[in-house]
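# Structure assessment
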Amino acid sequence: MNRFYVDPDISVARTLHTDFYTDPAMYELAKEKIFTPSWQLIGDQHAVKAPGDCYPFTYLDGYLNEPLVLTKDNTGKLHCLSNVCTHRGTIVVHEPCKAANLRCRYHGRLFSLDGKFKSMPEFKEVMGFPAPSDDLTQLPVHQWGPWLFASLQNNADPSPYLKDMTDRVGWLPVDELKPRPDLSKDYIVNAHWALYCENYLEGFHIPFVHAGLNAVIDYGNYTTELFKYSNLQLGIAKDDDDVFDLPSSSPDFGKKVAAYYFFVFPNMMFNFYPWGLSINIVQPLAIDRCKVSFLTYVWKEDKFNTGAGSDLNTVEMEDEAVVEAVQLGVRSRFYGHGRYSVTREQGTHHFHRIISSLLNP
């Protein structure tokens, strides 16, 4: 049987083989099979506020390392473009700026803000020029509230990744969430990126690892809902404090919701609390190391750092300790596969099933 096959029946399924976390070839394969088709958070609308604004960035810096640039054209339309000149491959836009066009400073090739080729010095003798390949590649970009997402796959549809989340919390005034760089932080975790995600995807460990969180979350009513490329862990409070004031239109109306924990495959976490939102992005850096960025957005200052969304740094330190221990363990010659709790590890099983389907289409 294929070592990366994961049975759809969780009661008989085995986890991904340990080679997925330890084989350098699998780490490289994941770039094209898992991350290239995915949608990634690339920033927010403030990066390109006005027509003419250009914002260069690296897509999954440290892993895919794809140079891209966001632009806003004169009509106010947003574009996500390859930031590599189609002449000789140099970077076109080196720093955030305002421009009427994009000009390569190497040989002067000129592009419009939507990436279309405009002109090139000393090229009038070139046959069959310009061609569509002389345009900068335009990539799909999606906006939800202030946040911008992009995919490296042409014609990619964001709906299977993001729609279930945006529909579920659509009542939230996400444009009112204020970015707080002072409360945001990067963590370097000495573990494979997928091991970090797997830990997030189950509440099974909460009573054993997170004493503070366990004190406010009703573990008995902790549930997981699965969607195509995302899932939701719904955290229910033990009491009536620090819960959402849900509108009657919400499918969760009447529940004491302390947190919505949304995972968007393969590496994004959106943690909604009554005080706001903590977005966690897991960026692979090496086969045994990743960077986890906590991006904080505050909605209600008076509720900040309360309830399920309190002391997130402590929770992170607890998670890092167990995940790094797993990183040591999966390298053992005595470990190959594990099994799943049918009632508590649906999210991890779902995650493994998606990976399996992408590795074995």
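No experiment lies behind these values; they were computed from the predicted model shown.

### Some words on the overall build of the chain
- Scanning the chain from N- to C-terminus turns up 8 helices and 19 strands.
- Compactness check: the chain gives a C-alpha radius of gyration of 22 Å against a globular reference of 21 Å for 361 residues, within 12% of the reference.
- Along the three orthogonal principal directions, the C-alpha set of the chain runs to about 75 × 50 × 30 Å.
- Counting every position in the chain, which comprises 361 residues, the buried fraction comes to 52%.
- Excluding contacts between residues fewer than 6 apart, the proportion of contacts in the chain whose partners are at least 24 apart in sequence is 61%.
- With an accessible surface of roughly 16,400 Å², the chain has 51% of that area assigned to carbon and sulfur atoms.
- Between the averaged position of the 33 positive side-chain charges in the chain and that of its 44 negative side-chain charges there is a distance of 5 Å.

### Let's talk about the packing of aromatic side chains
- In this structure the tally under the stated criterion is 29 aromatic pairs.
- Measuring from ring centre to ring centre gives 6.1 Å for W193 and F351, while their planes differ by 90°; the resulting arrangement is edge-to-face. Taken together, the residues span a long stretch of sequence, with W193 in helix α4 (residues 193-200) and F351 in helix α8 (residues 346-359) at a distance of 158 residues.
- According to the relative accessible area criterion, F351 is buried, its value standing at 1%.
- One cation-aromatic arrangement involves R109 over F123; the distance from NZ or CZ to the ring centre is 5.3 Å.
- The residue whose ring lies beneath K300 is W299, and the NZ or CZ to ring-centre distance is 4.5 Å.

### Section: the side chain of E345
- Looking at the secondary structure, you find E345 in the loop between α7 (312-329) and α8.
- This buried residue, E345, is left without a salt bridge; R339 holds the nearest opposite charge, at 9.1 Å.
- Within the local environment of E345, its side chain forms a polar contact with the backbone nitrogen of S341, the two atoms lying 2.6 Å apart.
- Other than its neighbours up to four places away in sequence, E345 contacts I10, E202, F204, R339 and Y340.

### Topic: the UniProt feature "domain: Rieske" (unreviewed entry) in the chain
- Within the UniProt annotation, "domain: Rieske" (unreviewed entry) is assigned to residues 64-150.
- Secondary structure over residues 64-150 splits into 0% helix and 36% strand, and the C-alpha atoms at its two ends are 13 Å apart.

### What to know about the packing of α4 against α8
- The contact between α4 and α8 brings their axes to 8 Å, and the two run at 145°. Here α4 contributes W193, A194, C197 and E198 to the contact with α8, which in turn contributes T348, F351 and H352.
- Classifying every residue of the contact of α4 with α8 by side-chain character gives 4 nonpolar, 2 polar and 1 charged.

### Re the domain arrangement of the chain
- Each assigned domain of the chain is listed here: domain 1 (39-155) and domain 2 (162-359).
- Its C-alpha centre places domain 1 at a distance of 33 Å from the equivalent point of domain 2.
- Facing 15 residues of domain 1, the contacting portion of domain 2 comprises 20 residues.
- At the boundary of domain 1 with domain 2, total buried surface from both sides reaches about 1,400 Å², with 70% on carbon and sulfur atoms.
- Taken as a group, L41, W144 and W147 account for 41% of the area that domain 1 buries against domain 2, more than any other trio of residues on that side.
- Our count for the contact surface shared by domain 1 and domain 2 stands at 0 salt bridges.
- Contributions of two or more residues to the side of domain 1 that touches domain 2 are made by β1 (40-44), β10 (141-144) and β11 (147-150).

### Quick notes on the sheet that holds strand β2 (residues 53-59)
- Here 5 strands make up an open sheet; going across it, the order is β5-β2-β3-β4-β9 and the pairing antiparallel. Every interior strand has two partners, whereas the edge strands, β5 (97-98) and β9 (138-139), have only one.
- Relative to strand β3 (residues 66-72), β2 is paired through 6 bridges, and the arrangement is antiparallel. Residue pairing for β3: P56 is matched across the bridge by V69.

Scoring rules and cut-offs
Numbers given for residues are sequential positions, taken from 1 along each chain in its written order. Only residues with pLDDT of at least 70 are given local features in this predicted model, and only at 80 or more are side-chain atom pairs given and counted; all residues enter the totals for whole chains, interfaces and linings. Calculation of side-chain values draws on the structure's entire complement of heavy atoms; hydrogens and water are dropped beforehand. Comment: elements are numbered from the N terminus, with helices defined as DSSP H or I runs of at least four residues and strands as E runs of at least two. The globule rule used for comparison is 2.2 Å times the number of residues to the exponent 0.38, while the radius of gyration itself is calculated over C-alpha atoms. Categorising residues by exposure relies on relative accessible area from a 1.4 Å probe, with only protein chains included: less than 20% of the type maximum marks a residue as buried, more than 50% marks it as exposed, and the intermediate range marks it as partly exposed. Contacts were defined at the residue level, with two residues in contact if any of their heavy atoms lie within 4.5 Å. Here, Shrake-Rupley sampling with a 1.4 Å probe gives the accessible areas, and only protein chains in the shown set may cover a residue. For the purpose of charge, His is not counted, nor are the chain termini; Lys and Arg are scored as positive and Asp and Glu as negative. Taken as the charge centre is NZ of Lys, CZ of Arg, CG of Asp or CD of Glu, depending on the residue. Paired rings are identified among Phe, Tyr and Trp, the last through its six-membered ring, by centres lying within 6.5 Å, and are further divided according to the angle between planes into stacked (under 30 degrees), edge-to-face (over 60) and tilted (the rest). Two limits define a charge over a ring: the Lys NZ or Arg CZ must be within 6 Å of the ring centre, and within 35 degrees of the ring normal. Definition used for salt bridges: Asp or Glu carboxyl oxygen within 4 Å of a side-chain nitrogen of Lys or Arg. Here a polar contact is taken to be a pair of N or O atoms separated by no more than 3.5 Å, where protein atoms must pair a possible hydrogen donor with a possible acceptor and residues adjacent in sequence count only if both atoms sit in side chains. UniProt positions are given in the numbering used here, feature names are shortened, and annotations may be inferred rather than shown by experiment. Note on definitions: angles span 0 to 180 degrees between N-to-C directions of axes, and those axes are lines fitted to C-alpha atoms, for helices only across the stretch in contact. As a working rule, the residues Ala, Val, Leu, Ile, Met, Phe, Trp, Tyr, Cys and Pro are called nonpolar, Asp, Glu, Lys and Arg charged, and the rest polar, with Gly in that last group. The domain boundaries here were taken from an automatic or database domain assignment. Buried area, as used here, totals the accessible surface that two parts lose on assembly, with accessibility defined by a 1.4 Å probe and the loss added over both. Two strands pair under a simple rule: DSSP has to find at least two bridges between them.

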